[in-house]
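These are the residues of each chain, in order.
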Amino acid sequence: MTHDTVDVLIVGAGASGAAIAWSLLDTRMRILCLEQGPHVPDSQFPSRDDDYELARYGAFSADPNVRKLRQDYPINVDETCITPVNFNGVGGSTINFLGHWPRMKPSDFRARSLDGVAQDWPIDYDILAPFYDQNDRNTGVSGLGGNPAYPVYTPELPPIPIGKLGQKLAMGFNALGWHWWPSDVAILSRDHDGRSKCVNAGTCDLGCAAGAKGGTNFTYWPILENAGVELRTQCRVREVLTDDTTGLATGVLYYGPDGHLHSQKAEMVVLACNGIGTPRLLLNSASKSFPEGLCNRSDQVGRNLMFHPLTGVSGVFDEPMEGHKGPMACAILSQEFYEGDPARGFSRGYGLHSGRSTTPMTYALGGYGIDSPIPWGAAHRHIMDNVYPNLASLTVVAEDLPEPHNRVTLDPSLTDSDDVPAPKVSYTLGDNTRAMLAHGTARATELLLAAGARTILNKGGPEVWRRAGWHQMGTCRMGENPDTSVVNEWGRCHDVKNLFIVDGSIFVTAGAVNPTSTIQALALYIGDRIKANIATLFD
Amino acid sequence: MIKHSDNIDRDLLSQILDLLIPAGPARGIPGAGAIGVADFVIKAAAFCPDGSAHLVAFLHSVKAAPRPLEESLLRSLEQAQAADFQWLLRQTYMGYYSRPDMRASVGVAPWPVHPKGYDVAAEPQETLDALTAPVRARGPIYRNPVCGTKVTT
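These figures come from a predicted structure and were not determined experimentally.

The rules behind these values
Residues numbered from 1 in each chain as written. Chains lettered and ligands numbered in written order. Predicted model: local features only at pLDDT ≥ 70, side-chain atom pairs only at ≥ 80, totals over all residues. Heavy atoms only, no water. Helix = DSSP H or I, 4+ residues; strand = E, 2+ residues; numbered from the N terminus. Rg over C-alpha atoms; globule rule 2.2 N^0.38 Å. Contact = heavy atoms within 4.5 Å. Pairing = 2+ DSSP bridges. Axes fitted to C-alpha atoms, helices over the stretch in contact; angles between N-to-C directions. Buried area = accessible area lost by both parts, 1.4 Å probe. Salt bridge = Lys/Arg side-chain N within 4 Å of Asp/Glu carboxyl O. Polar contact = N/O pair within 3.5 Å; in protein donor to acceptor, adjacent residues only side chain to side chain. Nonpolar A, V, L, I, M, F, W, Y, C, P; charged D, E, K, R; others polar. Buried < 20%, exposed > 50% of the residue type's maximum accessible area, 1.4 Å probe, protein only. Arc of directions from axis to C-beta. Phe/Tyr/Trp six-rings, centres within 6.5 Å; stacked < 30°, edge-to-face > 60°. 1 Å grid on protein atoms, 1.4 Å probe; cavity = no way out; pocket = protein on both sides within 12 Å on 5 of 7 lines; lining within 4 Å. Points joined across faces, edges and corners; volume = space filled by probe spheres on them. Parallel < 35°, antiparallel > 145°, perpendicular 65-115°, else oblique.

Caption draft 1: Up close: the overall build of chain B. In terms of regular secondary structure, chain B is built from 7 helices and 0 strands. For chain B, the sequential pattern of α-helices and β-strands runs α-α-α-α-α-α-α. What you see for chain B is a C-alpha radius of gyration of 25 Å, clearly larger than the 15 Å of a compact globule of 153 residues, by over 25%. Once the C-alpha set of chain B is aligned to its principal axes, its extents read approximately 75 × 40 × 30 Å. Once local pairs closer than 6 in sequence are excluded, the contacts in chain B between residues at least 24 apart make up 59%.

Caption draft 2: Geometry of the sheet that holds strand β13 (residues 407-415) of chain A. Residues and elements named next belong to chain A. Across the sheet, which stays open at both edges, the 3 strands sit in the order β3-β14-β13 with mixed pairing between neighbours. Each end of this open sheet is capped by a strand with a single partner; those strands are β3 (76-80) and β13. Here the strands of the sheet are splayed against their neighbours by 30 degrees on average, with no regard to which way each runs. Bridge analysis of β3 against strand β14 (residues 421-427) gives 3 bridges, and the strand direction is parallel. Following the sheet pairing, N76 is matched in β14 by K424. Seen against the sheet, helix α7 (residues 274-283) touches β13 and β14 and runs at an angle of roughly 65 degrees to β13.

Caption draft 3: Main features of the environment of P115 of chain B. Among the secondary structure elements, P115 of chain B is positioned in the loop between α6 (100-105) and α7 (125-137). Counting along the chain gives 49 residues from P115 of chain B to P66 of chain B, while the straight-line C-alpha distance between them is 52 Å.

Caption draft 4: Up close: the sheet that holds strand β9 (residues 310-316) of chain A. All names here are of chain A. Overall, antiparallel pairing links the 6 strands, which are arranged β4-β10-β11-β12-β9-β15 in an open sheet. Sheet topology places β4 (181-182) and β15 (455-458) at the edges, where each strand pairs with a single neighbour. The pairing of β9 with β15 spans 4 bridges and is antiparallel. The partner of S314 across the bridge, within β15, is L457. Its contacts with the sheet put helix α10 (residues 431-451) on β9, β11 (350-354), β12 (391-398) and β15, and the angle it makes with β12 is roughly 155 degrees.

Caption draft 5: Fine view of the interface of chain A and chain B. Across the boundary between the two partners, chain A contributes 66 residues, which contact 58 residues of chain B. Summing both sides of the interface, chain A and chain B together bury roughly 5,100 Å²; the carbon and sulfur share of this comes to 66%. Summed over the three residues of chain A that lose the most area to chain B, namely P148, W376 and R381 of chain A, the buried surface amounts to 17% of that side. In this structure, the salt-bridge partner of E336 of chain A is R138 of chain B, at a minimum N-O distance of 2.7 Å. For the interface between chain A and chain B, the tally reads 25 residue pairs in polar contact (both at pLDDT 80 or more). Elements represented by at least two residues in the side of chain A that touches chain B include exactly α3 (111-115), α5 (163-176), β4, α8 (360-366) and α9 (378-387) of chain A. Classifying every residue of the side of chain A that touches chain B by side-chain character gives 37 nonpolar, 15 polar and 14 charged.

Caption draft 6: Molecular detail of helix α4 (residues 71-80) of chain B. Residues and elements named next belong to chain B. Restricting attention to buried positions, one finds in α4 the residues L73, L74, L77 and E78. In an axial view of α4, the angular spread of the buried residues amounts to 140 degrees, which keeps them on one side of the axis. Every exposed residue of α4 that faces more than 90 degrees away from the buried side is listed here: Q79 and A80. Here the buried face of α4 lies against α1 (10-20), α3 (51-64) and α5 (82-97).

Caption draft 7: Layout of the packing of aromatic side chains. Residues and elements named next belong to chain A. Summed over all chains, the structure comprises 20 aromatic pairs over all chains. With a centroid separation of 5.9 Å and an interplanar angle of 40 degrees, the aromatic rings of W490 and F500 are classed as tilted. One end of the pair, W490, is in the loop between β15 and β16 (499-501); the other, F500, is in strand β16, and 10 residues separate them in sequence. W490 sits in the buried class, given a relative accessible area of 11%.

Caption draft 8: Quick peek at the pairing of strand β7 (residues 249-255) of chain A. Residue and element names in this part refer to chain A. Among the 7 residues in β7, 6 count as buried, and that is most of the element. Sheet topology places strand β6 (residues 236-242) next to β7; 6 bridges connect them, and they run antiparallel. Bridge assignment links E239 to a residue of β7, and that residue is L253. Counting the residues that bridge the hairpin from β6 to β7 gives 6 residues, and of these G247 lies at a positive phi of roughly 80 degrees. Relative to strand β8 (residues 261-271), β7 runs antiparallel, the two sharing 5 bridges. Bridged to Y255 within β8 is L261. Counting the residues that bridge the hairpin from β7 to β8 gives 5 residues, and of these G259 lies at a positive phi of roughly 85 degrees.

Caption draft 9: Molecular detail of empty space enclosed by the protein. Residues and elements named next belong to chain A. Tallying each qualifying case throughout the model produces 2 cavities of 30 Å³ or more. Reported here for the largest cavity is a volume of approximately 120 Å³. Its residues placed into classes, the lining of the largest cavity shows 9 nonpolar, 5 polar and 1 charged. Forming the walls of the second largest cavity are P102, N147, Y150, Y153, H179, W181, P182, S183, D184 and L333. Residue composition of the lining of the second largest cavity, grouped by class: 6 nonpolar, 3 polar and 1 charged.

Caption draft 10: Molecular detail of unusual backbone geometry. Residue P115 of chain B is reached from H114 of chain B by a cis peptide bond, and omega for that bond is 5 degrees. Phi angles above zero are rare outside glycine, and C295 of chain A is one such case at about 60 degrees. For C295 of chain A, the position within the fold is in the loop between α7 and β9. What makes C295 of chain A buried here is its relative accessible area of 1%.

Caption draft 11: How the structure looks around the packing of α1 of chain B against α5 of chain B. Residues and elements named next belong to chain B. The N-to-C vectors of α1 and α5 enclose an angle of 80 degrees; their axes lie 11 Å apart at closest approach. What the angle tells us is that α1 and α5 run roughly perpendicular. Contacts between α1 and α5 involve L13, I16, L17 and L20 from the first element and F85, L88, L89 and T92 from the second. Counted by class, the contact of α1 with α5 contains 7 nonpolar, 1 polar and no charged residues.

In structure tokens:
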């Protein structure tokens, strides 16, 4: 390990950091990635243990405020109804993500033009399409071609089984004449490219010990490390350094595994720390030239935070649905109500996702939503014996609209284990989102009844699932106008021309689909643009 | 922090646990107390911040109550000592369902899910074709961003 100047310094070894490193491999530039977490070998994944479910409430919790591992940073969530969740390690949140892999749709890039809300992206679906395809090939994607909700593309591998539960719901959708389709998933339906197929364990959030899920720990990183990309783990970047004279980034300061502060110089810095971590790092990088935070002359860093607010409806059927068998978030997906329709009383739309059931402890502790325990006493016995096995559920995945007051700031007192200021999330649900969720709840209920459910269960009330902030977007958004955006149309910061952002923070709108496929396609696209503009990259 | 389990009335705790997750005699499923979840709870109390305080306070209230230990007493304490009760309930659920045999009692395999997992047959192509036929028959349903209308075949 040396601290000589590198050509490219990437902060974060998750979905986007790995993808852009792969894109830049053929430049033969010297690439270094700093990752605050460690390597997490699949031999340590808890699904090999008898009491595997306990890990969800400890070291493998999705919530960093629960895990409290050295590599995690706390997040002040006192002023948000949705708690961000993540994972820190080589692979980032792709270690514990669920592998659901839908693409954004052409209309997602044109919300202003089509529906008069939010902003249009400076790029479109057609620009990203080849990068979606490339990323799918690199990741290993299973699905069924011919989905009429999208322009034509065909996943490389056949779909994973939708199972008894998926078939039951599919027949309900057909009865109502609504769209549905087997989910695209970054999970192997058959052995592929030296990796083993899914064993239907149903514990995707505990790391995939089979190696079937397309986390970058299994896909990109083995290739990258073999190709000479240097990966330094347990290295937490404190701030990005800039030269007040040139206005360019010169490198970073980071805490190494020895606990000491190190300096690393770089010709180009790429931030890949997700929609919370990237604005946190920029705000922690204030300087004389950037007193309000790096690249924040527009006051847009940290603003427009979007999640995918979620709620769910469960149906109790007359027979066991075997919902614990198979990837937990992925069976079928309906986009019947995805495209905007003013007659519904809200802008934009939502998806109805059929996950499967979870495991008993998680259901007992999470209940009909995911946040509250089920009843105790005789009711508990009845629910676990007669309701839990017979459940099939739909999750309403709503498109959030960007609102400036939903934002990430620095907490004035909370810090991580290296005394670096921690982020604070301030977030409220908009009226549009509430209307969308109410509509979705009613439609999900209608569907479950059409599919044969005899009882409907839901959380009730207007609350969304709290510990469900998987998708963090919009906090350094992309745009052509430096007054209203943080990065340009290919991820380069308006204010610092050798600083790039490639994670979900650059999303302009959120769509209503899981974002990782789009995050990685964007990272590949930005890598391509860097290569295409290499001669004038910092002009 | 509890240093020794001797400080806890394990029998009383087990009685409480059997009320929280009662047995299912028709299917031969034991309650949480009967299978020894008390040991899990006592251990958790030793390791969780404030765990021992929650447990000790709750047991003290049960002992001090001028009523027999039955569901109605726990319902009243659930309201009066919500934090203590919720801590105990959470640990009870965790202790009970971390046991492979109790997982199996509700239809989930007792084995660790890796490497064995579950056998789930892939749907034959003709099944998928038949299921998706009505969806495909409608044609494209996404909007064309150029004109804002739905794409048509």
